[in-house]
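# Inside the fold
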Amino acid sequence: MQQFKYNRRPNGKSGTVSKVVPAVLAVVMGASGGGFALAAETTTTAPSAAVTASTAFTGFSDVKSGYWAEKHIYKLAAQGIVLGQNGQFKPGDNITRQEAVTMAIRFIGAEKELGSIESAALPKGLTANNYFKPYVDLALDKGILKSGEESDKDGKSWGTQPASREWVTKILVRAIGKEADALASSGATSFADNSDIAAGSLGYVSTAVKLGIAQGVENNKFNPAGSVTRAQMATFFSRAENYITPTYAGTATGIVTGLTANSLTLFANGTSTTYTLGAGTVYYAADSDVKSQASALKLYTKVMAAGTGQQAAYVETVDANAQVETITGEFDRITGSNTLWLKTENDYPKYTFDPATVFLDQNGNKIDSKNINAGSRVSLLRETYSGNGAILSVQITSGNVSKTDTGSVSAVDTTNGTVTFISSTGLSEQYKLDSGSIIRYQNEILASADLKTGSKVRYTIENNTVRTIEVTESVERTLTASLYQTSPDGSTLTYQTSAGTLEVKLVASNAVVVINGKTAALKDLIADKTQGDRIELTLNGNGEVTRITVKERLATQLANATISSYDASTGVLAVIDSTGKPYAFTLDANTKLNDSNSTLTLKGVEPLLIKGRGLNLSAVGSRLLSMSIIYKYEGTVEQVNGASMLIGLKLDDGTSIKLPYGTSGTFVQVYGVTNATLNNVKVGDRVVASLYTDRVALQSVAVQTTQQFRVTSTSPSTNRLSLERSGTSITPYVDNATIVNAQGQQIGFSGLTVGSMVDVTFTGSDVSKVRLSDSVIGTIQSVDPGSRSVTVQTSSGTARTYSAAVQPITVNQNGSNVSGISTLSAGQHVQAVVQPDGSTSFTVFQALTKSFWKYDAFTQTVYVKITPGSSENNMFKLSPDAWVHQGTANISVQSLAGDDKIVLYLNNNVVYELVKQ
């Protein structure tokens with residue numbers, strides 16, 4: 001770790017300096033909320049502190065929860081390294097050189113060495129605003145700045161010049177004491193713009209990247225002249241803290257020895273420090289940028305806390321491993337006032353305890369050490385963080401126990417008749433089960449095998465034996481039974497146990513049914529008083545059925561069977577299955593008739609049982625349990641035979657059927673085709689074929705087609721979706737449940753945004769499904785002419801390859817379609833959209849580099865600065881799925897500030913990608 005010395009500068013200045021610290025340096029803590037308030041740091045003079053110690057502050061209003069640099073900003077703010085102004089941090093503002101140097105001095109903990117503004121003497125030709133002069137003066141003394149490298153430029157003060165990425169990297173490496181490494185590493189970097197990095201900075205850049213405190217931006221570039229925002233600077237310094245050991249006021253790193261809902265005690269260097277925790281305290285882990293919770297803090301782990309007035313504003317878990325060890329054994333005796341003896345087979349090890357050691361019974365209650373009986377099993381908790389190995393606690397883990405407690409089931413050994421609990425105090429306890437042990441869950445008596453690991457329980461122990469276990473919150477469990485009955489609305493089912501008793505269970509709304517390894521519906525189950533499906537039920541902690549798996553089916557189930565005859569006098573129904581095998585079943589008043597007409601009776605269905613009619617049915621032996629008449633088929637056209645007037649379909653289950661049609665009366669619907677006929681139905685088309693109710697003949701054929709549209713507006717209240725394609729607009733009715741994402745998951749109207757590309761499937765003229773188009777924005781990583789493939793590095797950070805050998809690829813450049821992937825090249829910014837037919841369309845964006853002006857969130861318009869009087873366009877619509885980022889980090893467009901350098905990637909003047917430089 002680096003230790004700093006007072007260096008002599010080229011101008012000959014040396015010696016001590018007056019330690020006058022401007023009032024602005026104070027990070028003032030709120031006494032009631034635990035948050036922090038910060039005074040301004042961008043002023044030209046040293047103002048007084050803007051708040052008092054009683055002012056509560058809950059953070060920066062412009063650093064939203066989840067912001068990519070949130071952790072680093074709050075960490076450095078709590079340590080007093082970065083400050084804010086009027087409750088804002090302004091993370092997107094570019095930082096100046098004088099501001100960066102000020103942060104560096106605070107970062108190395110050298111503020112106590114600051115001189116006054118009056119005593120600060122800067123080299124000739126190097127100027128800074130008054131407030132920053134002491135920092136620049138001290139940075140020169142520390143060697144963080146070299147006077148020969150720094151000077152005013154083009155009549156502008158050195159201090160107000162923007163800090164570049166290359167320059168910041170240099171002062172950062174010096175601040176952590178790694179300049180020697182940088183000077184020894186002067187070779188080229190691996191960045192594509194290595195030649196743009198000054199020769200004298202190459203080693204610094206290489207060292208910073210190697211240490212993980214700096215990284216490149218897009219397209220493997222370092223962008224040495226690029227500006228640095230306040231958020232980026234905070235992140236640089238935060239990551240660099242691993243390489244220095246400064247002492248910040250109000251900051252301590254140590255082992256958690258005390259923890260309550262409102263306080264945290266840390267032990268470090270032989271002393272303990274207690275911090276107050278409040279609503280404004282934020283929590284993180286060292287290895288994650290995602291905000292944590294106070295509940296993640298654990299005793300005896302290593303933690304860093306920072307704040308003012310013993311109020312923690314920022315708490316970070318440095319090492320989540322508890323710095324303790326557990327010693328278990330058989331208690332023998334205590335001698336004197338502080339010596340405890342254990343008994344082993346060959347020895348009597350002894351341990352020294354002190355007045356702070358806590359003695360506990362099996363329930364976690366404090367006891368006197370004299371109350372431990374010889375032969376009891378005990379657990380000693382010994383700390384490993386101080387070097388003293390102090391015994392923190394001694395707890396009885398087993399003895400002659402009779403008690404009632406709550407906890408959870410850790411293990412069940414049905415062979416040896418034992419159950420292991422995790423008690424309310426967190427200890428593991430094992431007890432015997434006997435014939436008198438009662439295990440109960442709600443109104444059920446359970447066997448020991450039904451106890452599941454993790455179940456919450458209340459248990460009673462008598463003389464080390466389980467008397468009762470009451471499951472208060474179960475985990476998932478399974479049982480096997482016969483399906484007896486399901487309710488009409490599917491909310492409950494009744495099953496018969498192996499003992500012959502009937503049980504009723506609620507069916508969860510998202511319950512899954514599995515038959516022959518495939519997902520099915522509740523209606524596909526066969527319930528019967530004697531020969532229902534043998535099922536395995538999965539029950540959640542509330543006893544609801546979440547999964548039903550058919551393990552054995554005693555009933556016969558036929559799909560797409562065809563009637564060969566029906567005798568109404570005997571009720572005998574003869575059918576032929578899809579393979580041509582004949583069956584005969586008896587239809588009676590107990591047969592369940594599945595039909596859209598819920599009032600359909602046996603008498604009413606008999607006229608419909610005509611030869612050639614399709615049926616789905618289930619039966620036990622010759623007894624017909626249920627039957628549904630098929631009026632509609634969905635499948636792929638195999639043939640259209642005009643001579644025999646038949647249409648052949650292949651259904652989804654592989655069954656082939658032939659449906660007759662007449663010379664007239666068959667209505668055909670194809671989207672976009674007026675007055676369609678059967679001539680418009682082609683082999684390979686997917687169709688929905690509907691039959692007449694009174695005869696076996698086609699009434700209508702609806703052809704399914706899929707086309708790609710752009711969403712122009714949505715109206716969930718009326719279930720209308722406005723779409724546009726090639727200048728044509730439509731507003732069809734769309735069922736909310738049929739709107740899915742590219743992966744097929746239901747998203748509804750709320751998952752669509754104006755401008756989104758969607759694949760719309762029509763069944764005839766009606767919309768049957770709307771699917772978000774499979775679309776990515778990214779940069780072409782490579783083009784392989786040999787395999788005719790294109791690999792894109794997407795905005796999500798993953799690489800995706802498209803092959804023209806598998807599906808065609810089209811390319812649009814400058815508004816014109818060009819053929820072949822030969823027009824594509826690595827580094828191009830593109831949008832790739834998979835079309836409904838499986839082909840992929842690439843749109844190559846046009847790049848435009850500008851200075852940001854403002855963003856209108858209402859109209860989603862980005863405004864840029866142009867030369868006054870110019871005819872250039874200065875406003876661009878932002879696509880709803882635009883990728884806005886800086887390097888590899890996604891940012892919000894609202895984080896951009898005036899004069900930020902940006903690159904817009906456009907298609908038809910619409911921004912699909914925006915890169916902050």
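Residues numbered from 1 in each chain as written. Predicted model: local features only at pLDDT ≥ 70, side-chain atom pairs only at ≥ 80, totals over all residues. Heavy atoms only, no water.

Per the secondary structure count, the protein chain includes eight helices and 57 strands. For the protein chain, the C-alpha radius of gyration of 38 Å lies well beyond 29 Å, the compact-globule estimate for 917 residues. A principal-axis box enclosing the C-alpha atoms of the protein chain has dimensions of 120 × 95 × 50 Å. For the protein chain, the residues scored as buried account for 46% of the 917 residues in total. Residue pairs in contact within the protein chain that sit at least 24 positions apart in sequence constitute 58% of those at least 6 positions apart. Surface accessibility of the protein chain: about 43,600 Å² in total, with carbon and sulfur atoms responsible for 47%. Averaged over its 77 positive side-chain charges, the protein chain has a centre that lies 3 Å from the centre of its 76 negative ones. (Helix = DSSP H or I, 4+ residues; strand = E, 2+ residues; numbered from the N terminus. Rg over C-alpha atoms; globule rule 2.2 N^0.38 Å. Buried < 20%, exposed > 50% of the residue type's maximum accessible area, 1.4 Å probe, protein only. Contact = heavy atoms within 4.5 Å. Areas by Shrake-Rupley, 256 points an atom, 1.4 Å probe, with all protein chains shown as cover. Lys, Arg positive; Asp, Glu negative; His and termini not counted. Charge placed at Lys NZ, Arg CZ, Asp CG, Glu CD.)

Within a regular strand, side chains alternate between the sheet's two faces. Burial of the side chains of strand β20 (residues 456-462) is restricted to one face: V457, Y459 and I461 are buried, whereas none of K456, R458, T460 and E462 on the reverse face is. Sheet topology note: the strand β15 (residues 403-413)/β20 ladder contains six bridges and is antiparallel. If you follow S408 over to β20, its bridge partner there is K456. Remark: two residues form the turn of the hairpin made by β20 and strand β21 (residues 465-473), two consecutive strands paired antiparallel; N463 in that turn has positive phi of roughly 50 degrees. (Pairing = 2+ DSSP bridges.)

Moving on, we come to the nonpolar core. Counting 62 residues, the largest nonpolar core has I73, I105, F107, L145, W167 and M233 as its most contacted members. The residues touching M233, leaving out its near neighbours within four places in the chain, are I95, A100, M103, V168, I171 and V228. Of all hydrophobic cores here, the second largest spans 20 residues; its members include V637, L649, L678 and A689. (Core = buried A, V, L, I, M, F, W, Y, C linked by side-chain atoms within 4.5 Å.)

Attention now moves to helix α1 (residues 70-78). Within α1, nine of the nine residues are buried, which leaves it mostly tucked inside the rest of the structure. Where α1 is concerned, the buried positions are E70, K71, H72, I73, Y74, K75, L76, A77 and A78. Remark: G80 follows α1 within two positions and exhibits a positive phi of approximately 85 degrees.

Burial runs high along helix α6 (residues 202-211): seven of the ten residues are buried. Where α6 is concerned, the buried positions are L202, G203, Y204, V205, S206, T207 and A208. Summarising the contacts, the buried residues of α6 are in contact with α4 (165-175) and α5 (179-184). Positive backbone phi, at 80 degrees, marks G212, one or two positions downstream of α6.

What follows covers unusual backbone geometry. A positive phi angle is found at S726, which is not glycine, with a value near 50 degrees. Counting through the fold element by element, S726 comes out in the loop between β40 (720-725) and β41 (728-730). What makes S726 exposed here is its relative accessible area of 71%.

On to the sheet that holds strand β12 (residues 358-360). Taken together, the six strands give an open sheet; going across it, the order is β11-β10-β9-β13-β14-β12, and neighbouring strands pair in mixed fashion. Single-partner strands in this sheet number two, and they are β11 (350-352) and β12. Strand after strand, the sheet turns through a mean of 40 degrees between neighbouring axes, direction not considered. Bridge count for strand β9 (residues 324-335) against strand β10 (residues 339-343) is five bridges, and the pairing is antiparallel. (Axes fitted to C-alpha atoms, helices over the stretch in contact; angles between N-to-C directions.)

For the rest of this paragraph, the subject is the packing of helix α2 (residues 97-107) against helix α3 (residues 133-142). At a closest axis distance of 9 Å, the pairing of α2 and α3 adopts a crossing angle of 65 degrees. The way α2 lies across α3 gives a crossing that is left-handed. Taken together, the residues of α3 that come into contact with α2 (itself represented by V101, T102, I105 and R106) are Y135, V136, L138 and A139. Considered class by class, the residues forming the contact of α2 with α3 number six nonpolar, one polar and one charged. (Left-handed = near helix turned anticlockwise from the far one by under 90°. Nonpolar A, V, L, I, M, F, W, Y, C, P; charged D, E, K, R; others polar.)

What follows covers the packing of α4 against helix α7 (residues 230-240). Pairs of packed helices are described in terms of their axes, by the angle between the two and the distance that separates them. With their axes 11 Å apart at the nearest point, α4 and α7 run at an angle of 25 degrees to one another. In terms of their interaxial angle, α4 and α7 are classed as roughly parallel. α7 is crossed by α4, and the crossing has right-handed handedness. In this structure, α4 uses R165, V168, I171 and L172 to contact α7, whose residues at the interface are M233, F236, F237 and A240. A breakdown of the residues in the contact of α4 with α7 according to their chemical character gives seven nonpolar, no polar and one charged. (Parallel < 35°, antiparallel > 145°, perpendicular 65-115°, else oblique.)

Before going further, it helps to examine the side chain of N194. You can see N194 is positioned in the loop between α5 and α6. N194 gets classed as buried once you look at its relative accessible area, which sits at 17%. Every residue in contact with N194, bar those within four places of it in the chain, is listed here: A188, T189 and L202.

Turning our attention to the packing of aromatic side chains. The final tally for this structure, using the stated rule, is 20 aromatic pairs. Ring plane angle 40 degrees and centroid distance 6.4 Å describe the contact between F421 and Y431, whose orientation is recorded as tilted. Highlighted residues: F421 in strand β16 (residues 418-423) and Y431 in strand β17 (residues 428-432), separated in sequence by ten residues. Residues F421 and Y431 agree in their burial class; the two are buried. Aromatic pair Y583 and F585: ring centres 5.8 Å apart, planes at 10 degrees, arrangement stacked. Look at Y583 and you get partly exposed, because its relative accessible area is 21%. (Phe/Tyr/Trp six-rings, centres within 6.5 Å; stacked < 30°, edge-to-face > 60°.)

Let us look at the environment of I372. Tracing the sequence through the fold places I372 in the loop between β12 and β13 (377-383). Between the C-alpha atoms of I372 and V63, which are 309 residues apart in sequence, the distance is 55 Å. Residue contacts for I372: discarding those within four places in its chain leaves F331, F359, I367, V378, V394 and I396.

On to the environment of W341, then. Positionally, W341 belongs in strand β10. For the pair W341 and Y863, spaced 522 residues apart in sequence, the C-alpha to C-alpha distance is 78 Å. In contact with W341, other than residues within four places in its own chain, are E330, F331, D332, R333, T335, Y348, P349 and K350. Of the polar contacts made by the side chain of W341, one reaches the side chain of T335; its length is 2.9 Å. (Polar contact = N/O pair within 3.5 Å; in protein donor to acceptor, adjacent residues only side chain to side chain.)

Attention now goes to the pairing of strand β27 (residues 545-552). Note that strand β24 (residues 502-515) and β27 share four bridges and pair parallel. Bridging from a neighbouring strand, V512 pairs with R547 of β27. Between strand β26 (residues 534-539) and β27, which pair antiparallel one after the other, the connecting turn spans five residues, and G543 there sits at a positive phi close to 80 degrees.

In short, geometric facts, not functional conclusions.
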